[in-house]
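Coordinate inspection notes
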Amino acid sequence: MKLLMAATLISASLAASAYYSKNDYDFSPVGRVHIETEAEEQARLNPTKEENTLVAGNELGKDKFGVCAGCHGATAQGGIGPKLAGNDEEYIKEKLSKYKAGETVGAQSSMMWGVASSLSDDDIQALAGYISKTFK
Ligand code: HEC
């Protein structure tokens, strides 16, 4: 009897944890625990207005980074293009603005001109915020 109860309890908690993890909740004895999203975490860690603007931009930045990843790597570690991880926001913003204006930064700047020409100022801000905060 005790064994049956234990087995029932175990299968119930397994089913519950499968349900909660599927639904973005952690199974916990204290009840439902919401797992914060990346944007929520950023908002919590960076409560100033300026930082929150970047959080709002982060979804946009994440979206736009899809194209960049092809050359700069999925984690901005570098590939065809140089490593972007570890650069601060201002640095990335300045470089992207230069490429957008058709200016030369390094020997392969022509590879960035076409990419940057289609970026709006908001895109550049969002990308710089996203890359600098996500890939440190
Ligand atoms: C077709 C490949 C390619 C794509 C796509 C691409 N890049 Fe680049 N990127 C390069 C290359 C090559 C360089 C080096 C250019 C130079 O010599 O100035 C570069 C340079 C840069 C730099 C300057 C890095 C430094 O330290 O000087 C930044 C910032 C950058 N890219 C951001 C981006 C972002 C953001 C995107 C997406 C919107 C992107 N790149 C998409 C190839 C690419």
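Residues numbered from 1 in each chain as written. Predicted model: local features only at pLDDT ≥ 70, side-chain atom pairs only at ≥ 80, totals over all residues.

**Concerning the environment of Asp 63**
Mapped onto the elements of the fold, Asp 63 is located in helix 3 (residues 49-72). When the 13 C-beta atoms within 10 Å are taken as the criterion, Asp 63 is described as partly exposed. Along the sequence, Asp 63 and Tyr 130 sit 67 residues apart, while their C-alpha atoms lie 9.7 Å from each other. (Helix = DSSP H or I, 4+ residues; strand = E, 2+ residues; numbered from the N terminus. Buried ≥ 20, exposed ≤ 12 C-beta atoms within 10 Å, placed from the backbone.)

**Describing the site of the ligand**
Around the ligand, the surrounding shell holds 22 residues, and the nearest of these are Cys 68, Cys 71, Gly 81, Gly 106 and Gln 108. Looking at the shell around the ligand, the elements with two or more residues in it are helix 3, helix 4 (89-100) and helix 5 (110-117). Broken down by element, the shell around the ligand gets its largest block of residues, 6 residues, from helix 3. A per-class count over the shell around the ligand returns 14 nonpolar, 6 polar and 2 charged. (Near = placed C-beta within 6 Å. Nonpolar A, V, L, I, M, F, W, Y, C, P; charged D, E, K, R; others polar.)

**Observations regarding the packing of helix 4 against helix 5**
Two numbers describe a pair of packed helices, the interaxial angle and the distance between the axes. In contact at an axis separation of 7 Å, helix 4 and helix 5 are set at 90° when each is read in the N-to-C sense. Considering the angle they form, helix 4 stands roughly perpendicular to helix 5. Listed contacts from helix 5 to Leu 96, Tyr 99 and Lys 100 of helix 4 are Met 112, Trp 113, Ala 116 and Ser 117. Across the contact of helix 4 with helix 5, the residue classes tally to 5 nonpolar, 1 polar and 1 charged. (Axes fitted to C-alpha atoms, helices over the stretch in contact; angles between N-to-C directions. Parallel < 35°, antiparallel > 145°, perpendicular 65-115°, else oblique. Contact = placed C-beta atoms within 7 Å.)

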